[in-house]
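Below are the chains, spelled out letter by letter.
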Amino acid sequence: MKNDPVVAIAGVTGAVGAEFIATMDKRAFRVGKLKALASARSVGKTIDFRGERITIEELNETSFEGIDIALFSAGGGIARTFAPIAVKAGAVVIDNSSAFRMDPNVPLVIPEINADRIGDHKGIIAVPNCSAITALVPLWPIHRVNRIKRVILSTYQAASGAGAAAMRELLDSTRACLDGQTYQPKVLPHFYAFNLFNHDSTVDPATGYNGEETKVMQETRKIFEDDGIAVGVTCVRVPVLRAHSQAITFECENPITEHEVRAILSNAPGVKIVDDRAKNYFPMPIDASGQDDVLVGRIRRDLSDPSGHSISIFAAADQLLKGAALNAIQIAELLH
Ligand SMILES: NC(=O)c1ccc[n+]([C@@H]2O[C@H](COP(=O)([O-])OP(=O)(O)OC[C@H]3O[C@@H](n4cnc5c(N)ncnc54)[C@H](OP(=O)(O)O)[C@@H]3O)[C@@H](O)[C@H]2O)c1
């Protein structure tokens, strides 16, 4: 692209959409012109972008004429319908939904891991699942030094991962609870305040895994280009407003010490170590919120593996940023 790209955001009014705008500003991402797209519900509303008031338009078949980069965060169904239309109109689509992630013709990119795959695109580049990104950014530099054979991880996922309406539901249900009122869940399947539950994606009746868990397992193998890595995942929604956390235990091919892991992670791109045993200070979603890095701490030997091949860590990351908008803008920067 010779000139600054003309950029469209499909889903500009959503939780991720708002972070596209903030991240482009923060990183001074050069934009020739911005087109703001959402559903018919948002037509006529405006967003502010670099001193300009931009009127939101309804996403339709003609939205992508003259667009160089189309950032999609409007769900899988919208992506499946409109991403091919955008590509036909000449745009490169960077999609945050799960629609194309496992398509063998679509690169699934975390720039810290496989930026080299961006060049393989045929019009669409997929941003991985946010829980996969949170785990894989710190695991990749370890995997490169000492192959990880097996990972077991459990997530503590925030409301923001389910979008802007779920964040409102956490606030509203908490307020209702404190006021002694009843509250009927509208977005998530269960009462949210002071509770936690299985991730709200569909549970596969055959395997018992929910959709989020399946995505993390499949996407890890695709991104690491390692079909042999064993991954076990439990995904849980917790009453945290923003930023996902994870307890991760991994087993390497060769013995590994916590000292080696700390040394590797202290130089790893996209990782910040937060690991103060004396102060009992470790990664927390409240600290990860608004941060670009994946916070990693509680780095310790897994004592259940006496062979010395296994390490446990705890991570927290802002899944609206590194798990979605930031990862997408990093890809756009590399395209540009
Ligand atoms: N939240 C996260 O942490 C996260 C992380 C990674 C990936 N993602 C993915 O990113 C996507 C968006 O997530 P989100 O959390 O931002 O959701 P959200 O807050 O619910 O926002 C959804 C966006 O999609 C738009 N939209 C809905 N139906 C539409 C239609 N028929 N035509 C055009 N636009 C439509 C909405 O516009 P209106 O306001 O007009 O309805 C809104 O801008 C999803 O695919 C999600 O899986 C989210």
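Computed from a prediction, not measured in an experiment: that's the story for all the values here.

Rules used throughout
Residues numbered from 1 in each chain as written. Predicted model: local features only at pLDDT ≥ 70, side-chain atom pairs only at ≥ 80, totals over all residues. Heavy atoms only, no water. Helix = DSSP H or I, 4+ residues; strand = E, 2+ residues; numbered from the N terminus. Buried < 20%, exposed > 50% of the residue type's maximum accessible area, 1.4 Å probe, protein only. Polar contact = N/O pair within 3.5 Å; in protein donor to acceptor, adjacent residues only side chain to side chain. Axes fitted to C-alpha atoms, helices over the stretch in contact; angles between N-to-C directions. Left-handed = near helix turned anticlockwise from the far one by under 90°. Contact = heavy atoms within 4.5 Å. Nonpolar A, V, L, I, M, F, W, Y, C, P; charged D, E, K, R; others polar. Salt bridge = Lys/Arg side-chain N within 4 Å of Asp/Glu carboxyl O. Near = heavy atom within 4 Å. Areas by Shrake-Rupley, 256 points an atom, 1.4 Å probe, with all protein chains shown as cover. Phe/Tyr/Trp six-rings, centres within 6.5 Å; stacked < 30°, edge-to-face > 60°.

Q: Just to check I follow, could you spell out the side chain of Arg101 for this structure?
A: Mapped onto the elements of the fold, Arg101 is located in the loop between β7 (92-95) and α3 (111-114). Classification of Arg101 by relative accessible area gives buried; the value is 5%. Of the polar contacts made by the side chain of Arg101, one reaches the side chain of Glu219; its length is 3.3 Å.

Q: Would you mind showing me how to read the packing of helix α4 (residues 130-145) against helix α6 (residues 211-224) here?
A: What describes two packed helices is the angle between their axes and the distance between those same axes. α6 packs onto α4 with a crossing angle of 35° between their chain directions and a minimal axis gap of 10 Å. In this structure, α4 meets α6 at a crossing whose hand is right-handed. On the side of α4, the interface is formed by Cys130, Ser131, Ala132, Leu136, Leu139, Trp140 and His143, while α6 contributes Glu212, Val216, Glu219, Thr220, Ile223 and Phe224. When the residues that make up the contact of α4 with α6 are grouped by side-chain class, the tally is eight nonpolar, three polar and two charged.

Q: It is not clear to me how the pattern of salt bridges should be interpreted in this structure. Could you clarify?
A: Side chains that differ in charge, positive against negative, can pair when their charged atoms come close. One pass over the structure, following the stated rule, counts 20 salt bridges. Among the ionic pairs, Glu258 bridges to Arg262, the shortest N-O distance being 3.3 Å. With Glu258 and Arg262 both in helix α7 (residues 258-266), this residue pair falls four residues apart, about one helical turn. Residue classification places Glu258 among the partly exposed residues on the basis of a relative accessible area of 24%.

Q: It is not clear to me how the site of the ligand should be interpreted in this structure. Could you clarify?
A: Every one of the 26 residues lining the ligand counts as a neighbour, but Thr13, Ser39, Arg41, Ser42 and Ser160 are closest to it. Between the ligand and Thr13 there is a distance of 2.5 Å, counted from an oxygen atom to a side-chain nitrogen or oxygen. Residue Ala15 places a main-chain N or O atom 2.9 Å away from an oxygen atom belonging to the ligand. With the chains in place, 77% of the 900 Å² that the ligand exposes on its own is no longer accessible. Its residues assigned to classes, the shell around the ligand comprises eleven nonpolar, 14 polar and one charged.

Q: Help me understand the packing of aromatic side chains in this model?
A: The geometry of an aromatic ring pair is captured by two quantities: the separation of the ring centres and the angle between the planes. The full count for this structure, using the stated rule, is five aromatic pairs. Aromatic pair Trp140 and Phe224: ring centres 5.0 Å apart, planes at 55°, arrangement tilted. With Trp140 in helix α4 and Phe224 in helix α6, the pair connects residues that are 84 residues apart, well separated along the chain. Considered together, Trp140 and Phe224 belong to a single accessibility category, that of buried residues. For the pair Tyr156 and Phe314, a centre-to-centre distance of 5.7 Å together with 55° between the ring planes defines the contact as tilted. Of this pair, Tyr156 sits in strand β9 (residues 148-157) while Phe314 sits in strand β15 (residues 310-317), placing them 158 residues apart in sequence. The exposure class of Phe314 is buried, given its relative accessible area of 19%.

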